[in-house]
Amino acid sequence: ELPVDFFITTARDDPLRVRMTESAELFWNCVYSRESMKDVLTRIANNSRAHLAISVGALYNRPSGKVRPGTLDVPSGRKVVLVDGIDSTCILKELSDTLRGPQLKIFYYVRPNVALRRAVERDTRQGRRTREENRMYREREYRHLVPRLIDENMRNADIVYLENG
């Protein structure tokens, strides 16, 4: 599994992290590196027989909130790569001409209020800010995130799964 969150480029304690929720443009330019993820996916897909240790300039660690250089270890042999997270169907669509092998893009739609509640609960459980601060931060983020996510992911998906039918 290759979570999009690995490619977040802004550490939790970076002052830019708070500013990212000010506009959709700032959010999408600062949140993570699509180019790094596309590079990693291409290298995995084009080297199906070799063991790969792919150096990445910045890997995000969610529990610590830190960004550091790191290596993704990819085992040898045939691969099924699960790309999980925001914007994943868009990234795969951009790579559809260069990646070998079949792709199946599935978008699992979760109602925005449910996704917001889950994010606030996770952030609070991990000790980030107070529950109220987490709610305010995530509401600002979701103002820019949710409309684009729903629109682009549903448009790019091969299968759309709607929660509760």
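All values reported here derive from a predicted model rather than from experimental measurement.

(A) The arrangement of the overall build of the protein in detail. A tally of helices and strands in the protein yields six helices and six strands. Moving toward the C terminus, one meets the helices and strands of the protein in the order β-α-α-α-β-β-β-α-β-α-α-β. For 165 residues, the compact-globule estimate of 2.2 N^0.38 gives 15 Å, and the protein sits close to it at 17 Å. Taking the principal axes of the C-alpha coordinates as reference, the protein spans close to 50 × 40 × 25 Å. Summed over all atoms, the accessible surface of the protein reaches about 9700 Å², with 52% contributed by carbon and sulfur. Considering the protein, the positive charge centre built from 29 side chains and the negative charge centre built from 23 side chains are found 3 Å apart.

(B) Molecular detail of the pattern of salt bridges. Throughout the structure, instances matching the rule amount to twelve salt bridges. Salt-bridge contacts for D39 lead to R43; the nearest nitrogen and oxygen are separated by 3.2 Å. Here D39 pairs with R43, and both are found in helix α3 (residues 34-45), just four residues apart, close to one helical turn. Measuring nitrogen to oxygen at the nearest pair gives 2.6 Å for the salt bridge that ties R138 to D123. Linking R138 in helix α6 (residues 131-156) with D123 in helix α5 (residues 112-125), this pair joins segments that are 15 residues apart in sequence. You'll find R138 and D123 in the same group, each marked buried. Linked by salt bridges that have partners in common, R122, D123, R129 and R138 make up one network.

(C) Layout of α5. When the terminal C-alpha atoms of α5 are compared, their 20 Å separation across 14 residues agrees well with the 20 Å that a helix rising 1.5 Å per residue should span. Restricting attention to buried positions, one finds in α5 the residues V114, L116, A119, V120 and D123. For α5, the elements touching its buried residues are α6. Looking at the residues trailing α5, positive phi occurs at G127, about 80°.

(D) Region of the structure containing α3. The terminal C-alpha atoms of α3, which comprises twelve residues, lie 16 Å apart, in line with the 16 Å expected from a rise of 1.5 Å per residue. For α3, the set of buried residues is R34, M37, K38, V40, L41 and I44. In a view along the axis of α3, the buried residues occupy a sector of 165°, so they form one face of it.

(E) Representation of the packing of aromatic side chains in the model. The tally for this structure, following the rule as stated, stands at two aromatic pairs. With a centroid separation of 4.9 Å and 15° between ring planes, the pair formed by Y108 and Y161 is classed as stacked. Remark: Y161 occurs in strand β6 (residues 159-162) and Y108 occurs in strand β5 (residues 106-109); sequence separation between them is 53 residues.

The rules behind each value
Along each chain, residues carry numbers from 1 onward, in the same order as the chain's sequence is written. Per-residue local features of the predicted model are confined to residues with pLDDT of at least 70, and side-chain atom pairs are confined, for both listing and counting, to 80 or more; whole-chain, interface and lining totals are unaffected and use all residues. To obtain the side-chain values, all non-hydrogen atoms of the structure were used and water was disregarded. The helix count covers DSSP runs of H or I at least four residues long, the strand count covers runs of E at least two residues long, and both are numbered beginning at the N terminus. The size measure is the radius of gyration over C-alpha atoms, and the globule rule it meets is 2.2 Å times the number of residues to the 0.38 power. The Shrake-Rupley method, run with a 1.4 Å probe sphere, supplies the accessible areas, and residue values consider only the shown protein chains as cover. A positive count includes Lys and Arg, and a negative count includes Asp and Glu. His and the chain ends are not counted in either. Positions of charges follow a simple convention, taking NZ of Lys, CZ of Arg, CG of Asp or CD of Glu. Any Lys or Arg side-chain nitrogen found within 4 Å of a carboxyl oxygen on Asp or Glu counts as a salt bridge. Only protein chains enter the area calculation, which uses a 1.4 Å probe; residues under 20% of their type maximum are buried, those over 50% are exposed, and those in between are partly exposed. Helix span, expected: 1.5 Å multiplied by one less than the number of residues in the helix. Two residues qualify as a contact provided that any one of their heavy atoms is within 4.5 Å of a heavy atom in the partner residue. Within this analysis, the arc is defined by the directions that extend from the helix axis to the C-beta atoms. Two aromatic rings, drawn from Phe, Tyr or Trp (for Trp, its six-membered ring), form a pair once their centres lie within 6.5 Å of each other, and the interplanar angle then sorts them: stacked below 30 degrees, edge-to-face above 60, tilted otherwise.

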